[in-house]
Protein chains: 2
Amino acid sequence: MSIVVVGSVAFDSITSPSGKVEDVLGGAATFFSLAASYFTQVRVVAIVGEDFSAEHEGVLKKRGVDTRGIEHAKGKTFRWGGQYLDNLNEAKTDFTHLNVFENFQPHIPAEYKNSPFLFLANIHPDLQSAVRREMQAVRLTGGDTMNYWIDRTRKELTETLKLIDLLLINDAEAKALGGESNLQRAAQKVLAMGPQALVIKHGEYGATIFFREGAFGVGRHPFRAPALPIEEVKDPTGAGDSFAGGFMGYIASQGQLNREVLKRALFYGGVMGSFAVERFGTERLQSLTRDEIDSRFQIFRELTHLE
Amino acid sequence: MSIVVVGSVAFDSITSPSGKVEDVLGGAATFFSLAASYFTQVRVVAIVGEDFSAEHEGVLKKRGVDTRGIEHAKGKTFRWGGQYLDNLNEAKTDFTHLNVFENFQPHIPAEYKNSPFLFLANIHPDLQSAVRREMQAVRLTGGDTMNYWIDRTRKELTETLKLIDLLLINDAEAKALGGESNLQRAAQKVLAMGPQALVIKHGEYGATIFFREGAFGVGRHPFRAPALPIEEVKDPTGAGDSFAGGFMGYIASQGQLNREVLKRALFYGGVMGSFAVERFGTERLQSLTRDEIDSRFQIFRELTHLE
């Protein structure tokens, strides 16, 4: 079943120990769409500038992504520049030029409104809430946020969290949002704010999903999926969004939501994140096959599987 | 089959967000011995001062640990004081008084020399090498080290690593020892120095075991065990040594060494580490039952198990 994703499309300039690229296609909605496209029909809502060419759009279209929700505005596309130095887990931002993204007001095409799945990538919580309210047919909403919104717009974010079923954030964000340095307690605090389930992404250590009592009828015990120890991490940009794409894409592809589906989704999230970081930008996500994805799924499974 | 452990016995003074204790029994050999004692016969080699009472020794004896290798010297027992503030993963050391531990020269009792398993806890690499050479009947040697030795005695440590089959260290130590910021590449560098297998402990994220090509006939693929997300971490002191005790203790309890045994050992390591942190010092490790341990093993297994 189809999933709508709302978020950024950007051009990234990235330096890592493996090299340097300029103005490569990126942005949360792009990584998410490409990753999810291997599992289900994806419909993207975003804004781009005049420098976003048919070739750029072709990267998404080639993966079958519905791009009718991409608004073409006057001006330049969102640009971000950053460096990964010793610590590949942390980017040092060189510049952030919001450009057309600064006044992004998501417009949901009428044709998208029957989608049963929605992912609200990292944008202002008020925009996330507005989109969710507009998508009346949605059965399951996933969402992301970041410390910027947690610090500056906690009130608005608190309202948004009531509309999100599955929140996907990283350790630092979970601790900041929950106001707790202990991850397990932070998770409980965040769940009390609204989401049925919380996925905390641990970077190279995988991810854990925590459930509210009674959520999806799956029991309260958390579940953890590992990440593959990767020898060559070229560019960590977009790993979290690719994780979200694999996770939500797999869920959307299944007829039902139960514990086993959520567990497998967590593994598929890790798989797509692990592919994303192997090349700069979205390169690796453009040319995968479902066989490659499922082979890596098996490797991930073997990584922690006891007889 | 029995295992000999050589390392520190100490009195720890610890402050954490959960409270404060003074001069509680600790030290790597103590945590290791108690954790391993639930799986196999443990024989400890250590040095203590005149302040180490029969009551202290009773803690080990009650768990069936052979304490004949504990040397009683003039002076005081090793003392360490530290605080865990916001970040429970990192201790701020208040003081380190080596006392009698400063001149520790491990004496292996004749009765210990038939033990087929050996664990060299974190002491000077030259002492580790000397002990290993003295234990002629040993079939499998595990070892630990720390950044202090990696930085200051790399040459000696390099010699020791040739004598160690299973090295257990944490992420930061692996990266420092391998001279690589990428964990997977660091692991390969460390394995090239001698050990058949390398266990990297990730704290609250679990642990990964990496194998040398051909090691134990178990294949080259790494294996990862999760750690349980724990709500109440009272005192992280000794978590790594308890992990090592569970890991090596379980291995020593099995007749054979294969991939499945090593995998289960990694889970048991995580289980014992998770118990250790629930109370200050060794309190929780003193009064466990094998049933409690196996129940938690099942919880750990469920945490990542896909149907």
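Before going into details, it helps to say that this report is about the structure given with it.

Reading the values: rules and limits
- Residues numbered from 1 in each chain as written.
- Chains lettered and ligands numbered in written order.
- Predicted model: local features only at pLDDT ≥ 70, side-chain atom pairs only at ≥ 80, totals over all residues.
- Heavy atoms only, no water.
- Helix = DSSP H or I, 4+ residues; strand = E, 2+ residues; numbered from the N terminus.
- Rg over C-alpha atoms; globule rule 2.2 N^0.38 Å.
- Buried < 20%, exposed > 50% of the residue type's maximum accessible area, 1.4 Å probe, protein only.
- Contact = heavy atoms within 4.5 Å.
- Areas by Shrake-Rupley, 256 points an atom, 1.4 Å probe, with all protein chains shown as cover.
- Lys, Arg positive; Asp, Glu negative; His and termini not counted.
- Charge placed at Lys NZ, Arg CZ, Asp CG, Glu CD.
- Least-squares fit on C-alpha atoms with pLDDT ≥ 70 in both.
- Buried area = accessible area lost by both parts, 1.4 Å probe.
- Salt bridge = Lys/Arg side-chain N within 4 Å of Asp/Glu carboxyl O.
- Polar contact = N/O pair within 3.5 Å; in protein donor to acceptor, adjacent residues only side chain to side chain.
- Nonpolar A, V, L, I, M, F, W, Y, C, P; charged D, E, K, R; others polar.
- Arc of directions from axis to C-beta.
- Pairing = 2+ DSSP bridges.
- Axes fitted to C-alpha atoms, helices over the stretch in contact; angles between N-to-C directions.

Examining the overall build of chain A
The secondary structure content of chain A amounts to 11 helices and 13 strands. In terms of overall size, chain A behaves like a compact globule, its C-alpha atoms giving a radius of gyration of 18 Å where 307 residues would be expected to give roughly 19 Å. Considered along the principal axes of its C-alpha atoms, chain A spans approximately 50 × 45 × 35 Å. By the burial criterion, 61% of the 307 residues in chain A qualify as buried. Across chain A, the fraction of contacts at a sequence separation of at least 24, relative to all contacts at a separation of at least 6, is 62%. In the structure as shown, chain A presents an accessible area of about 11,800 Å², 47% of it carried by carbon and sulfur atoms. Where the 34 positive side-chain charges of chain A centre and where its 38 negative ones centre are 5 Å apart.

Notes on the relation of the copies chain A and chain B
Of the transformation placing chain A onto chain B, the axial shift is 0.0 Å and the rotation is 180°, giving an RMSD of 0.0 Å. Expressed as an axis order, the relation between the two copies is that of a two-fold axis. Both copies present the same face, since 100% of the interface residues in chain A are matched by interface residues at the equivalent positions in chain B.

Some points on the side chain of aspartate 171 of chain A
Position of aspartate 171 of chain A relative to the elements: it lies in helix α6 (residues 171-178). Dropping the residues within four chain positions of it, aspartate 171 of chain A is found in contact with Leu183, Ile200, Lys201 and His202 of chain A together with Tyr205 of chain B.

Looking at the interface of chain A and chain B
Contact residues are listed per partner, giving 35 residues for chain A and 35 residues for chain B. Both sides together, the interface formed by chain A and chain B hides about 3,300 Å², and carbon and sulfur atoms give 51% of it. Looking only at chain A, the three residues that lose the most surface to chain B are Tyr205, Arg224 and Leu306 of chain A, adding up to 25% of its buried area. Linking chain A with chain B are 2 salt bridges. Our count for the chain A to chain B interface comes out at 12 residue pairs in polar contact (both at pLDDT 80 or more). No other element matches the 5 residues that helix α11 (residues 290-304) of chain A contributes to the side of chain A that touches chain B. Of the residues contributing to the side of chain A that touches chain B, the split by class is 14 nonpolar, 7 polar and 14 charged.

Topic: helix α2 (residues 54-62) of chain B
Residue and element names in this part refer to chain B. Considered for burial, the residues of α2 that qualify are Glu57, Val59 and Leu60. Within α2, the buried residues cover an arc of 140° as seen down the axis, which keeps them to one side. Opposite the buried face of α2, by more than 90 degrees, sit the exposed residues Ala54, Glu55, Lys61 and Lys62. After α2 finishes, the residue glycine 64 shows a positive phi value of roughly 80°.

Some remarks on the sheet that holds strand β3 (residues 19-26) of chain B
Residue and element names in this part refer to chain B. Read from one edge to the other, the open sheet built from 4 strands follows the order β3-β2-β6-β7, with strand pairing classed as mixed. Either end of the sheet is taken by a strand with one partner, and the two such strands are β3 and β7 (91-97). Averaged over all pairs of adjacent strands, the angle between strand axes in this sheet comes to 15°, irrespective of strand direction. Here strand β2 (residues 10-16) pairs with β3 via 6 bridges, running antiparallel. The residue of β3 that forms the bridge with alanine 10 is glycine 26.

Quick word on unusual backbone geometry
Note on backbone geometry: most residues besides glycine have negative phi, and most peptide bonds are trans. Phi at asparagine 99 of chain A is positive, roughly 50°, even though this residue is not glycine. Topologically, asparagine 99 of chain A is positioned in the loop between β7 (91-97) and β8 (117-120). Judged by relative accessible area, asparagine 99 of chain A falls into the partly exposed class, the value being 30%. A positive phi is found at aspartate 23 of chain B, a non-glycine position, where the angle reads about 50°.

Re the environment of phenylalanine 267 of chain A
Among the secondary structure elements, phenylalanine 267 of chain A is positioned in helix α9 (residues 259-276). For phenylalanine 267 of chain A and phenylalanine 247 of chain A, which are 20 residues apart along the polypeptide, the C-alpha to C-alpha distance reads 7.7 Å. In this structure, phenylalanine 267 of chain A is in contact with Phe223, Arg224, Ala225, Pro226, Phe297, Phe300, Arg301 and Thr304 of chain A together with Thr304 and Leu306 of chain B, ignoring residues within four places of it in sequence.

A look at the pattern of salt bridges
Taken as a whole and judged by the stated rule, the model has 36 salt bridges over all chains. In this structure, lysine 113 of chain A engages glutamate 134 of chain A in a salt bridge whose closest nitrogen and oxygen atoms are separated by 3.1 Å. With lysine 113 of chain A in the loop between β7 and β8 and glutamate 134 of chain A in helix α3 (residues 125-134), this residue pair connects regions lying 21 residues apart in the sequence. The partly exposed category is assigned to lysine 113 of chain A, whose relative accessible area is 32%. Its salt-bridge partner being aspartate 94 of chain B, residue lysine 92 of chain B comes within 3.5 Å of it at the nearest N-O pair. Overall, the relative accessible area of 44% leaves lysine 92 of chain B in the partly exposed class. Among the residues examined, aspartate 94 of chain B registers a relative accessible area of 37% and is labelled partly exposed. Via salt bridges that share partners, Glu180, Arg185 and Lys189 of chain A together with Glu232 of chain B belong to a single interconnected network.

By themselves, these observations are geometric and do not establish any function.
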